[in-house]
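Each chain, letter by letter, is given below.
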Amino acid sequence: LRRNGEEHAVTIIAAQNYATCLAGLQRFEEAKSVSRTTLPVARRVLGDSDDVTLRIRWTYAMVLYKDPAATLDDLRLAVN
(Lines give C-alpha, C1' and ligand atoms only; values in the text may rest on other atoms or scores of the structure.)
Protein backbone atom coordinates (compact mmCIF):
# COMPACT_ATOMS: atom_id res chain seq x y z
CA LEU A 1 0.00 0.00 0.00
CA ARG A 2 2.77 2.43 0.79
CA ARG A 3 4.42 2.08 -2.59
CA ASN A 4 1.48 2.12 -4.99
CA GLY A 5 -1.49 3.25 -2.92
CA GLU A 6 -4.92 1.76 -2.41
CA GLU A 7 -6.21 2.81 -5.83
CA HIS A 8 -3.41 1.31 -7.90
CA ALA A 9 -4.22 -1.66 -10.16
CA VAL A 10 -1.40 -3.76 -8.67
CA THR A 11 -2.77 -3.23 -5.15
CA ILE A 12 -6.28 -4.18 -6.27
CA ILE A 13 -4.99 -7.35 -7.94
CA ALA A 14 -3.03 -8.27 -4.81
CA ALA A 15 -6.16 -7.81 -2.67
CA GLN A 16 -8.16 -10.01 -5.04
CA ASN A 17 -5.49 -12.71 -4.89
CA TYR A 18 -5.46 -12.46 -1.10
CA ALA A 19 -9.25 -12.87 -0.92
CA THR A 20 -9.02 -15.92 -3.19
CA CYS A 21 -6.36 -17.46 -0.95
CA LEU A 22 -8.44 -16.78 2.16
CA ALA A 23 -11.43 -18.44 0.52
CA GLY A 24 -9.31 -21.47 -0.34
CA LEU A 25 -8.33 -21.70 3.32
CA GLN A 26 -12.04 -21.48 4.26
CA ARG A 27 -11.44 -18.20 6.08
CA PHE A 28 -14.70 -16.90 4.69
CA GLU A 29 -15.26 -13.93 7.00
CA GLU A 30 -11.87 -12.48 6.11
CA ALA A 31 -12.37 -13.19 2.41
CA LYS A 32 -15.76 -11.43 2.52
CA SER A 33 -14.24 -8.45 4.26
CA VAL A 34 -11.40 -8.10 1.75
CA SER A 35 -13.79 -8.49 -1.18
CA ARG A 36 -16.27 -5.97 0.25
CA THR A 37 -13.48 -3.45 0.77
CA THR A 38 -11.78 -4.00 -2.59
CA LEU A 39 -14.82 -4.17 -4.87
CA PRO A 40 -15.87 -0.49 -4.68
CA VAL A 41 -12.28 0.62 -5.26
CA ALA A 42 -11.93 -1.69 -8.26
CA ARG A 43 -15.22 -0.49 -9.72
CA ARG A 44 -14.18 3.15 -9.33
CA VAL A 45 -10.61 2.75 -10.59
CA LEU A 46 -10.88 -0.04 -13.17
CA GLY A 47 -14.56 0.05 -14.14
CA ASP A 48 -17.40 -2.44 -13.82
CA SER A 49 -16.45 -4.55 -16.83
CA ASP A 50 -12.72 -4.88 -16.11
CA ASP A 51 -11.44 -8.45 -15.72
CA VAL A 52 -10.07 -7.78 -12.24
CA THR A 53 -13.33 -6.24 -11.05
CA LEU A 54 -15.25 -9.22 -12.40
CA ARG A 55 -12.86 -11.64 -10.67
CA ILE A 56 -13.41 -9.83 -7.35
CA ARG A 57 -17.18 -10.15 -7.81
CA TRP A 58 -16.80 -13.83 -8.69
CA THR A 59 -14.63 -14.46 -5.62
CA TYR A 60 -17.15 -12.68 -3.41
CA ALA A 61 -20.00 -14.76 -4.87
CA MET A 62 -18.01 -17.98 -4.43
CA VAL A 63 -17.28 -17.12 -0.79
CA LEU A 64 -20.94 -16.46 -0.09
CA TYR A 65 -21.89 -19.73 -1.77
CA LYS A 66 -19.35 -21.83 0.13
CA ASP A 67 -19.72 -20.16 3.53
CA PRO A 68 -22.24 -22.13 5.60
CA ALA A 69 -22.56 -19.14 7.92
CA ALA A 70 -23.50 -16.69 5.14
CA THR A 71 -26.69 -14.79 5.89
CA LEU A 72 -29.31 -12.96 3.87
CA ASP A 73 -27.71 -9.73 5.05
CA ASP A 74 -24.44 -10.87 3.43
CA LEU A 75 -26.30 -11.48 0.18
CA ARG A 76 -28.01 -8.09 0.37
CA LEU A 77 -24.64 -6.39 0.85
CA ALA A 78 -23.21 -8.28 -2.10
CA VAL A 79 -25.87 -7.18 -4.57
CA ASN A 80 -25.90 -3.53 -3.58
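Notes on the structure in this doc start here.

Right, let's talk about helix α1 (residues 9–24) for a bit. Taking 1.5 Å of rise per residue, 16 residues should cover 22 Å, and α1 covers 23 Å from first to last C-alpha, within 8% of that figure. Looking only at α1, the buried set comprises Thr11, Ile12, Ala15, Gln16, Ala19, Leu22 and Ala23. What you see down the axis of α1 is that its buried residues fit within an arc of 140°, all on one side. Directly after α1, the chain includes glutamine 26, whose backbone phi takes a positive value near 60°.

With that settled, the discussion passes to the nonpolar core. If you look at the biggest cluster of nonpolar residues, it comprises nine residues: Ala15, Ala19, Leu22, Ala23, Phe28, Ala31, Val34, Met62 and Val63. Those elements giving two or more residues to this core turn out to be α1, α2 (28–46) and α3 (51–66). Residue contributions to this core peak at four residues, all from α1. In this structure, valine 63 is in contact with Ala23, Phe28, Ala31 and Lys32, ignoring residues within four places of it in sequence. Membership of the second largest hydrophobic core comes to six residues, among which are Ile12, Val41, Val52 and Ile56.

In this section: unusual backbone geometry. Peptide bonds are, in most cases, trans, and in most cases residues other than glycine have a negative phi. Of note, the phi angle at glutamine 26 is positive, near 60°, even though the residue is not glycine. Tracing the backbone shows glutamine 26 in the loop between α1 and α2. Using a relative accessible area of 59% as the deciding quantity, one classes glutamine 26 as exposed.

Before going further, it helps to spend a moment on the pattern of salt bridges. Counted according to the given criterion, the structure contains seven salt bridges. When the shortest N-O distance is used, the salt bridge between glutamate 30 and arginine 27 registers 2.7 Å. Overall, the relative accessible area of 34% leaves glutamate 30 in the partly exposed class. By relative accessible area, arginine 27 is classed as partly exposed at 37%. Residue lysine 32 pairs with aspartate 74 through a salt bridge whose shortest N-O separation is 3.0 Å. Taken together, the residues lysine 32 in helix α2 and aspartate 74 in helix α4 (residues 72–79) connect sequence positions 42 residues apart. Of the two residues, lysine 32 and aspartate 74, neither departs from the other in class, the shared state being buried. Linked through salt bridges whose partners overlap, the residues forming this network are Glu29, Lys32, Asp67 and Asp74.

Here we come to α2. If you check α2, its first and last C-alpha atoms are 25 Å apart, about what 19 residues at 1.5 Å a residue would give, namely 27 Å. The largest bend in α2 amounts to roughly 30° and is located at threonine 38, with the proline proline 40 lying one to four residues further along. When we look at burial in α2, the residues that qualify are Phe28, Ala31, Lys32, Val34, Ser35, Thr38, Leu39, Val41 and Ala42. For α2, the secondary structure elements touched by its buried residues are α1, α3 and α4.

Rules used in this analysis
- Residues numbered from 1 in each chain as written.
- Predicted model: local features only at pLDDT ≥ 70, side-chain atom pairs only at ≥ 80, totals over all residues.
- Heavy atoms only, no water.
- Helix = DSSP H or I, 4+ residues; strand = E, 2+ residues; numbered from the N terminus.
- Expected span 1.5 Å × (residues − 1).
- Buried < 20%, exposed > 50% of the residue type's maximum accessible area, 1.4 Å probe, protein only.
- Arc of directions from axis to C-beta.
- Core = buried A, V, L, I, M, F, W, Y, C linked by side-chain atoms within 4.5 Å.
- Contact = heavy atoms within 4.5 Å.
- Salt bridge = Lys/Arg side-chain N within 4 Å of Asp/Glu carboxyl O.
- Bend = angle between axes of the 7 residues up to and from the residue.

Taken by themselves, the reported measurements are silent on function.
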